[in-house]
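# Coordinate analysis (summary)
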Amino acid sequence: MPERSAPVAPQTSPVPQTAPGPQTPPTPPVSLSDLLAREDLGLRHIAGPSDPTVVIHWAHASEMADPYPYLLGGELLLTAGVHIPGASAPTGPAGADPGRPAPAPADYFDGYVSRIVAAGGAALGFGLAPVHDTVPRALSAACDRHGLPLLEVPPQTTFSGVARAVWQLMAQARLAELRRVTEAQQSLAVAASRPDAVPSVLRRLAQRLGGHAVLYGPDGTEIAAAGREPTEEARTALAELAAVVRPPGRAGPAAVREADGSTVAGPAVSPAAATTAPTPTSATDTLGDTHLAAYALGAGEGFVLAVASAHREPGDHTIASVAAVLLSLLTSGHQSGAGAARSSALVRLLLGSTPQAVAPLLGDGPWRVVHARSQAQPSDAVAASALGAALGTPLVDLARDVIRVLVPAEPAPVAQPGWTLGVSAAVGPEEWPAADSQAARALARARATRAHLAHHGTRTGLSDLVPRTDAQAHARALLAPLAHRPALVATLRTWLSLHGSWDRTAVALEVHRNTVRQRIARCATLLDTDLDDPDVRMELWFALRQD
């Protein structure tokens, strides 16, 4: 028969008065049902609950009459019953006191099982042979009373074989968990590159965790949410947990969204209370069977990511932390210590300084202006911030139907997934208004040609041969009949840039093609010229480029 050995007892045996919670390792635990399914072990569940949620964190063999001091929690405790009073063993029962009468079997097993349960043991495995041919009935009854799963270990299965199977299953679970986390990280990164980056990251996070994900603003209001709708009680608990990690001075009243979409204020955090202790960067809680977690984003700007899920796997914290990092980048209005310099530049502009005077506060020139439109849905402030982060600048303006971005000239902006971009030439601060017009025209050309990116032309041309003042004077005289008619000027410029295409001009200007025809006909009448003449078109294009 396979030999079973008991571990040597340490020199001291401290007995704590209260059992600490199980200190589980980062490796995913093993389901007891998976261990029972191993046919090579031949384990049999004979008593205690048949709960499919029971998990094992490690296997430990002990023949101590009281194994409590040596358990950390979550163990499958393996014993051959050497410690049982009256068991035949060469050296007598381990841990027994020869001068004390042996307790009744029922009392002994009741105390033995209760101590395992108090220490957080997950299950008990009883080995048949060489000491006992069957599992004592009193032990089975005690396991039923205390709710401890009892397994029968057949004679041909060694305890080391059981321990090895546990570690094999743990290694498989660990590999599967690492694969799950890696796939989640990749999918979150892809979501962060979409035009609707923040909602996409929240949706992907909620899918990966099988729950609800919400982003709170600095004032406690919900900015975006995704996933399974939680109960009102869970929603309130999430908002309160978010307030715990919100930095001092940012902790406004936690706002809770009602079912009709309205918000109500939750408990406010007083400034005095906010400064009495360091603010944690993350916090967890449970509400019934719902697991709650909150993560502070960025460098103390007040944004908070909160998650509610029905279950929590070992890798969920890592996945949520990755989402928190991505959302920090997407919501950050200050990517570096230059935030104060940008604020200073804004104040100086408001007080009358010129762009040339404040430009050094923003960085070294030259600059480009980028106009962008989302290909999927209307843009919001968060999407605009995400685009700015992708282009490497916080200088973003969300206008009514276009996002304007001021970026350093180098490196030149590249196409962004989900966006249509128009990029100006590299210019100095004194030419920013002209660059804004260039970017607008480039965006119109990109949308008309269905390109993701269009640059303003920078090749040397006819305009370089004529003094700028003379060229502008000629342009004003030629286009005078169209003065104060911006719609006609914009239509003529776009129509000429698209080689007279009615359809593409209509797409670029977002008007009906008949409207384009009417406007071009009106331009021809006011200018008293033939717009089908290529020489006329060339001269008008030259004049329009001076505007």
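Values in this document were obtained by computation on a predicted structure and should not be read as measured data.

## What about the sheet that holds strand S14 (residues 304–309)?
Spatial strand order, S9-S8-S14-S13-S12: five strands in an open sheet with antiparallel pairing. Only two strands of the sheet have a single neighbouring strand rather than two, namely strand S9 (222–227) and strand S12 (282–287). Put simply, the sheet's adjacent strands are angled 15 degrees from each other on average, direction ignored. With five bridges connecting them, strand S8 (residues 211–216) and S9 associate as antiparallel partners. The residue bridging Val 214 from the neighbouring strand is Ala 225, located in S9. Against the sheet, helix H6 (residues 232–245) makes contact with S8, S9, S12, strand S13 (290–296) and S14, and its axis sits at roughly 30 degrees relative to S13, the strand it touches most.

## Some details on the environment of Ala 487
When you line up the elements, Ala 487 lands in helix H14 (residues 486–497). Judged by its relative accessible area of 39%, Ala 487 is partly exposed. With 22 residues separating them in the primary sequence, Ala 487 and Leu 509 have C-alpha atoms 9.7 Å apart.

## A few points about the sheet that holds strand S19 (residues 453–455)
The strand order across the open sheet built from five strands is S16-S17-S15-S18-S19, with neighbouring strands paired in mixed fashion. The open sheet has two edge strands, strand S16 (396–398) and S19, and neither has a second partner. Neighbour-to-neighbour, the strand axes of the sheet open up by a mean angle of 15 degrees, direction not taken into account. The pairing of strand S15 (residues 367–374) with strand S17 (residues 403–408) spans six bridges and is antiparallel. Bridging across to S17, Ala 372 finds its partner in Ile 403.

## Some details on helix H17 (residues 534–544)
Residues of H17 that are buried include every one of Val 536, Leu 540, Phe 542, Ala 543 and Leu 544, and no others. Structurally, the start of H17 carries an N-cap: the backbone nitrogen of Asp 535 is 2.9 Å from a side-chain oxygen of Asp 533.

## Notes on the environment of Gly 457
Among the secondary structure elements, Gly 457 is positioned in the loop between S19 and helix H13 (468–478). For Gly 457, a relative accessible area of 44% corresponds to the partly exposed category. In this structure the C-alpha to C-alpha distance between Gly 457 and Ser 424, which are 33 residues apart in sequence, comes to 8.3 Å.

## Digging into a nonpolar patch on the surface
A surface patch of nonpolar side chains, about 450 Å² in accessible area, is lined by Leu 346, Val 347, Leu 350 and Leu 351. The exposure class of Val 347 is partly exposed, given its relative accessible area of 44%.

## Brief notes about the nonpolar core
By size, the foremost hydrophobic cluster in this structure holds 32 residues, and its most contacted members are Leu 202, Leu 205 and Leu 305. For this core, the secondary-structure elements that each account for two or more residues are helix H4 (159–192), helix H5 (197–209), S8, S9, S13, S14, helix H8 (316–331) and helix H11 (381–391). Per-element accounting of this core gives the leading share, eight residues, to H8. Leaving out residues up to four positions away in the same chain, Leu 205 has contacts with Leu 188, Ala 213, Leu 305, Val 307, Ile 319, Ala 320 and Ala 323.

## Some points on the packing of H4 against H5
The relative placement of two packed helices is expressed as an angle between their axes plus a distance between the axes. Running from N to C, H4 and H5 cross one another at 160 degrees; their axes reach a closest spacing of 8 Å. When the axes of H4 and H5 are compared, the pair comes out roughly antiparallel. Here the hand of the crossing between H4 and H5 comes out right-handed. Residues Arg 180, Glu 183, Ala 184, Ser 187, Leu 188, Ala 191 and Ala 192 of H4 touch H5, and the partners they reach there are Ala 197, Ser 200, Val 201, Arg 204, Leu 205 and Arg 208. Classifying every residue of the contact of H4 with H5 gives seven nonpolar, two polar and four charged.

## Some remarks on the confidence of the model for the protein
In regions of low pLDDT, the predicted coordinates are not meant to be interpreted in detail. The predicted model of the protein has a mean per-residue pLDDT of 80, with 82% of residues at 70 or higher. Across residues 1–25, confidence stays below pLDDT 50; counting only partners more than four residues off in sequence or on other chains, it has 41 contacts. Predicted confidence is poor over residues 89–96, with pLDDT under 50, and the contacts of this stretch with residues over four places away or in other chains come to eight contacts.

Calculation rules
Residues numbered from 1 in each chain as written. Predicted model: local features only at pLDDT ≥ 70, side-chain atom pairs only at ≥ 80, totals over all residues. Heavy atoms only, no water. Pairing = 2+ DSSP bridges. Helix = DSSP H or I, 4+ residues; strand = E, 2+ residues; numbered from the N terminus. Axes fitted to C-alpha atoms, helices over the stretch in contact; angles between N-to-C directions. Contact = heavy atoms within 4.5 Å. Buried < 20%, exposed > 50% of the residue type's maximum accessible area, 1.4 Å probe, protein only. Polar contact = N/O pair within 3.5 Å; in protein donor to acceptor, adjacent residues only side chain to side chain. Patch = residues over 30% accessible without salt bridge, like charges linked within 9 Å, V, L, I, M, F, W, Y side chains within 5 Å. Areas by Shrake-Rupley, 256 points an atom, 1.4 Å probe, with all protein chains shown as cover. Salt bridge = Lys/Arg side-chain N within 4 Å of Asp/Glu carboxyl O. Core = buried A, V, L, I, M, F, W, Y, C linked by side-chain atoms within 4.5 Å. Parallel < 35°, antiparallel > 145°, perpendicular 65-115°, else oblique. Left-handed = near helix turned anticlockwise from the far one by under 90°. Nonpolar A, V, L, I, M, F, W, Y, C, P; charged D, E, K, R; others polar. pLDDT = per-residue confidence, 0-100.

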